[in-house]
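# Structural overview for review
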Amino acid sequence: MSDFVQHATHGDVHVLRLNNPPVNTLRTEIRAGLLAGMNAAKAGGAKAVVLIGSGRMFCAGAEMTEFGKPRVPPSLPEVFDAIEGFPGIVVAAIHGSALGGGLELALACHARVAVADAQVGLPEVKRGFVPGAGGTQRLPRMIGPEAAAKIIVSGDPIKASEAHRLGFVDAIIEGDLEAGAVAWARANIGRSFTLARDRTDRIAGQDAAAYDAVVAGLLKRTRGQESPKGCAEAVRASFTVPFEDGLKKERELFSTLVAGEQSKALRHIFFGEREVLRIPGMPADAKSLPVERLVVIGGGTMGGGIAMSAANFGVPVTIVEMSEEALAKGLARCHANWERTVASGRLSQAEYEKRKALLTGSTDFEGTVAKADLVIEAVFENMEVKKQVFARLDKAARPGVVLASNTSTLSIDEIASATSRPELVVGMHFFSPANVMRLLENVRGAKSSWPAIATATEFGKRIGKLPVLVGNCDGFVGNRMTGKRTPQVEKLLLEGCLPPDIDKVMEAYGMAMGPLATGDLAGLDIGAAVRKARGTVAPVADAIVAQGRFGQKTGKGWYMYDESRRRLVDPEVERIILDVAEKMQVRRRKISDEEILERLLLPMVNEGARILEEGVAYRPIDIDVIFINGFGWPAFRGGPMFWADTQGLKNVRDKLARYAEATGDANLKPAALIEKLAAEGGTFASMGAAAKAA
Ligand code: NAI
């Protein structure tokens, strides 16, 4: 037998151990090993078989790299047939996680036992398809279709203790899992278990209308995404057609969805989020410096959020502010934020107390910084202020301590020049709200050393962020690209659109919020101040701001807002826009949704290409991951560079050239990289693959 499944015997209880650590995906060798193991156990007269995983978990599910390739037998259903046809009992023993195909394997067993804090779930929906090995048919038979739909449509895992309560984990094992599972199996030999496939008690009499109502609620938040609908449809089959037909339905949905663009996009991001952590050129021995205590300079919007992130992950953190008053305000904001989470039931009082104790504050700059292992600066966005702060930090911090800036636009090199340790200065650009957003753009200065970069990367991961390393330039990657969209928003408003026309198109595409609603949330005065500083104008946006319409904070911006902050169309905005258009003698016309979408996405793609040419982003996937995790871009669209590939780069090039001419926006002139790839028939993906091979 292969090493992929190890077979041990304990009298008449046999143990089959999935041995492809750390996550034991169900690759061909594992499936074959399980089938052979079941046959050998049967031939050996076993009365019970325990399936268990080695390494971190029971099993993370299917091997996604095998998708799209010719299928090699045995299939999972063949393995399940051997389990379900076994003359004794088969017990899955779960630790770590049982996810996707891993949970489906467990569901095909006669019984399941688990460690209390193990996680079980069917996350297939998040990869754009439905569980493909009976999960949508077996789970409803065990816990009822509505409870199953909640798990399968959301894709979120639950604790084994919760699964035990729901009824699909038979026992929680304390102490050593293997010994406990073997003892449990031995004690249950001879007991008659009804296989999930044969159960009818939880699906009989299911009210279809009640099911549809529950599902409609679940699907509200998944606008535009196909796989949640597919999951709901598959689970519905569990109580409307016999088991075998339900499996067939599930298989059809799986095959259609897995071949679709959305699933490709979601898998692109799934692998991409792992890929971005592999930093090209980083020496294997580049060690992160140990961080016991974080010091954050500035307790405003960002400083507070950064400090909360650290405390949320158990890191002691001190905020340094300029005055007692500002400090008290900053700390109070953090506390209030946590208190809201406690009130909503998502945070226990005990955990809140723990976090609160980890977060301290001080106005003693030098004294506090002297104790820091890492400093993250989040003071006002002003170069002179930042340089003063860094000069002070350099003197106060111990030698060897990394000094990071959360600047969103300023040059890390210039900030570093204020210190005697530019090699230890990096950018750590968090996104607002910093305690929520997962993206962290770490910025590499010209002199940043590998240990400094490794420290920013490791620390980011430790506090729950997804760090993506980028180069130093104005706006870095994300803000630089969205900045190129803004002039087109302005032009679209002048030429014929109203704010809802634009936001509607972007929200239908799947964005959490359209660009104008986002502007209202962030504050329109910020953009106006940037334009003023740069000496640029945006006639429509300037006219809106001139009316004191700064967005949600003033109750009015591109929209007007009621007390519950509901977004409402304001006829006044239309009047302002028409006024400006008339003054500028622009003939307004009806603009199609397709044109709106292209004029907003193409400038970003074009700038993304320039960012790649300059090496500011290492790979197209880095850009896509940034947009999914920091800019409300829907993961099922795969990000801007993935989108460009789906359009065909030749097409992208031609459209850019056309829009550049029609709108006079020089930014839309196709980037050299797009010209090159379009001419070669290449894609951004092929470019990424070539970089990986190099
Ligand atoms: P903020 O105005 O809310 O907070 C800045 C805080 O720093 C204030 O509380 C101020 O009292 C304090 N401060 C100023 N000088 C100080 C000093 N010498 N010592 C100690 N404390 C000092 O500003 P916000 O929005 O938090 O921005 C901070 C930085 O984060 C800026 O560089 C900004 O560009 C960047 N950023 C902001 C984002 C946002 O959405 N607001 C997103 C990403 C980065």
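Residues numbered from 1 in each chain as written. Predicted model: local features only at pLDDT ≥ 70, side-chain atom pairs only at ≥ 80, totals over all residues. Heavy atoms only, no water.

What the eight strands build is an open sheet, ordered S12-S11-S10-S13-S14-S15-S16-S17; its pairing is mixed. The sheet is open, and its two edges are formed by strand S12 (359-362) and strand S17 (466-471), each paired on a single side. Strand-to-strand twist of the sheet, defined as the mean angle between neighbouring strand axes without regard to direction, takes the value 25°. One ladder, built from four bridges, connects strand S13 (residues 374-377) with strand S14 (residues 402-405); its direction is parallel. Among the inter-strand pairings, Val375 is bridged to a residue of S14, identified as Leu403. Against the sheet, helix H16 (residues 383-396) contacts strand S10 (294-297), S13, S14 and strand S15 (425-430), and its axis sits at roughly 165° relative to S14. Packing of helix H18 (residues 450-462) onto the sheet brings it into contact with S10, S13, S14, S15, strand S16 (439-444) and S17, and relative to S16 it is tilted by some 175°. (Pairing = 2+ DSSP bridges. Helix = DSSP H or I, 4+ residues; strand = E, 2+ residues; numbered from the N terminus. Axes fitted to C-alpha atoms, helices over the stretch in contact; angles between N-to-C directions. Contact = heavy atoms within 4.5 Å.)

With that settled, consider the domain arrangement of the chain. One widely used convention gives an interface's size as the accessible area the parts lose upon coming together. In terms of domains, the chain is made up of domain 1 (5-259), domain 2 (294-474), domain 3 (497-583) and domain 4 (593-693). Computed over C-alpha atoms, the centres of domain 2 and domain 4 are 32 Å apart. Taken together, the contact between domain 2 and domain 4 spans 13 residues of the former and eight residues of the latter. Counting each side, the surface lost to burial between domain 2 and domain 4 is near 950 Å², with a carbon and sulfur contribution of 67%. In terms of surface lost to domain 4, no three residues of domain 2 exceed Leu439, Val468 and Leu469, which account for 37% of the buried area on that side. Taken together, domain 2 and domain 4 are joined by four residue pairs in polar contact (both at pLDDT 80 or more). Counting only elements with at least two residues in the side of domain 2 that touches domain 4, the list comes to S16 and S17. Per-element accounting of the side of domain 2 that touches domain 4 gives the leading share, five residues, to S17. Tallied by class, the residues present in the side of domain 2 that touches domain 4 amount to nine nonpolar, one polar and three charged. (Domains from an automatic or database assignment. Buried area = accessible area lost by both parts, 1.4 Å probe. Polar contact = N/O pair within 3.5 Å; in protein donor to acceptor, adjacent residues only side chain to side chain. Nonpolar A, V, L, I, M, F, W, Y, C, P; charged D, E, K, R; others polar.)

The full set close to the ligand counts 20 residues, and Met302, Glu321, Glu381, Lys386 and Ser408 are the nearest of them. Here an oxygen atom of the ligand sits 3.0 Å away from a polar atom, N or O, in the main chain of Thr301. Within the contact set of the ligand, an oxygen atom lies 2.8 Å away from a side-chain nitrogen or oxygen of Asn406. The protein chains hide 78% of the 840 Å² of surface that the ligand would expose on its own. Of all elements in the fold, only helix H12 (301-312), H16 and S15 reach the threshold of two or more residues within the shell around the ligand. Of the residues belonging to the shell around the ligand, the class tally is nine nonpolar, eight polar and three charged. (Near = heavy atom within 4 Å. Areas by Shrake-Rupley, 256 points an atom, 1.4 Å probe, with all protein chains shown as cover.)

A word on unusual backbone geometry. With an omega of 10°, the peptide bond between Pro21 and Pro22 qualifies as cis. Among the structural elements, Pro22 can be located in the loop between strand S2 (13-18) and helix H1 (28-43). Going from Ser432 to Pro433, the amide bond is cis rather than trans, its omega being -5°. Topologically, Pro433 is positioned in the loop between S15 and S16. Phi is positive for Asn24, close to 55°, though the residue is something other than glycine. Within the element layout of this structure, Asn24 appears in the loop between S2 and H1. Judged by its relative accessible area of 0%, Asn24 is buried. Of note, Phe476 is a non-glycine position whose phi angle comes to about 55°, a positive value. Here Phe476 lies in the loop between S17 and helix H19 (478-483). (Buried < 20%, exposed > 50% of the residue type's maximum accessible area, 1.4 Å probe, protein only.)

What follows covers the nonpolar core. Among the nonpolar cores identified, the biggest contains 95 residues, and Trp558 and Phe684 are the most heavily contacted of them. When residues of this core are assigned to their parent elements, the largest contribution, ten residues, is made by helix H26 (residues 593-613). Once you skip the residues sitting within four places of it in the chain, Phe684 turns out to touch Val605, Ala609, Leu612, Pro620, Met641, Ala644, Asp645, Leu649, Leu673, Ile674 and Leu677. Ranked by size, the runner-up nonpolar core spans 66 residues in total, among them Leu18, Ala108, Phe239 and Val258. (Core = buried A, V, L, I, M, F, W, Y, C linked by side-chain atoms within 4.5 Å.)

Note that Glu377 resides in strand S13. Residues in contact with Glu377, not counting those within four places in the same chain, are Ile297, Lys386, Val389, Phe390, Ala404, Ser405 and Asn406.

Turning our eyes to something else, we now look at helix H21 (residues 499-509). The complete set of buried residues in H21 reads Pro499, Ile502, Asp503, Val505, Met506, Glu507 and Tyr509. Those residues of H21 that are buried lie in contact with helix H20 (486-495), helix H22 (515-522), strand S19 (567-568), helix H25 (571-583), H26 and helix H28 (640-647). Residue Gly510 follows H21 closely and has a positive phi angle near 125°.

A word on the environment of Thr136. Tracing the backbone through its elements, the reader meets Thr136 in helix H4 (residues 135-143). With a relative accessible area of 0%, Thr136 lands in the buried category. Ignoring sequence-local partners within four residues, the contact set of Thr136 consists of Pro131, Ile152, Ala234, Val235, Ser238 and Glu250. Polar side-chain contacts of Thr136 include one of 2.9 Å to the side chain of Gln137.

For the structure on display, the rule yields eleven aromatic pairs. Consider the rings of Trp184 and Phe193, whose centres lie 6.2 Å apart with planes at 45°: the pair is tilted. Since its relative accessible area comes to 15%, Trp184 is described here as buried. On the numbers, 5.4 Å between centres and 75° between planes, the contact of Phe270 with Phe271 is edge-to-face. Its relative accessible area of 18% is what places Phe270 among the buried residues. Judged by its relative accessible area of 35%, Phe271 falls in the partly exposed class. Among the aromatic residues, those joined into a cluster by ring pairs are Phe431, Tyr509, Phe627, Phe631 and Trp633. Looking at Arg392, its charged tip hangs above the ring of Phe365, at a distance of 4.1 Å from the centre. The side chain of Arg567 reaches across the aromatic face of Tyr559, ending 5.2 Å from its centre. (Phe/Tyr/Trp six-rings, centres within 6.5 Å; stacked < 30°, edge-to-face > 60°. Lys NZ or Arg CZ within 6 Å of the ring centre and 35° of its normal.)

Let us now look at the sheet that holds strand S8 (residues 158-159). The pairing of strands in a sheet comes from backbone hydrogen bonds and takes either a parallel or an antiparallel form. Strand order in the open sheet formed by three strands is S5-S7-S8, with mixed pairing between adjacent strands. A strand with exactly one partner marks an edge of an open sheet, and here the two such strands are strand S5 (97-99) and S8. As paired strands, S5 and strand S7 (residues 119-121) are joined by three bridges and run parallel to one another. Within the sheet, the bridge partner assigned to Ser97 lies in S7 and is Gln119. Sheet strands touched by helix H3 (residues 101-108): S5 and S7. Its angle to S5, the strand with the most contacts, is close to 90°.

We now examine the pattern of salt bridges. On inspection of all chains with the given rule, the structure shows 48 salt bridges. Between Glu178 and Arg17 there is a salt bridge, with its nearest N and O atoms 2.5 Å apart. With Glu178 in helix H7 (residues 177-187) and Arg17 in strand S2, the pair connects residues that are 161 residues apart, well separated along the chain. Across the pair Glu675 and Arg653 runs a salt bridge, and its minimum N-O distance is 2.8 Å. Here Glu675 is found in helix H30 (residues 672-680), whereas its partner Arg653 is found in helix H29 (residues 649-663), with 22 residues between them in sequence. Taking relative accessible area as the criterion, Arg653 reaches 24% and is therefore assigned partly exposed. Overlapping salt bridges bring together Glu84, Arg138, Arg197 and Glu244 as one network. (Salt bridge = Lys/Arg side-chain N within 4 Å of Asp/Glu carboxyl O.)

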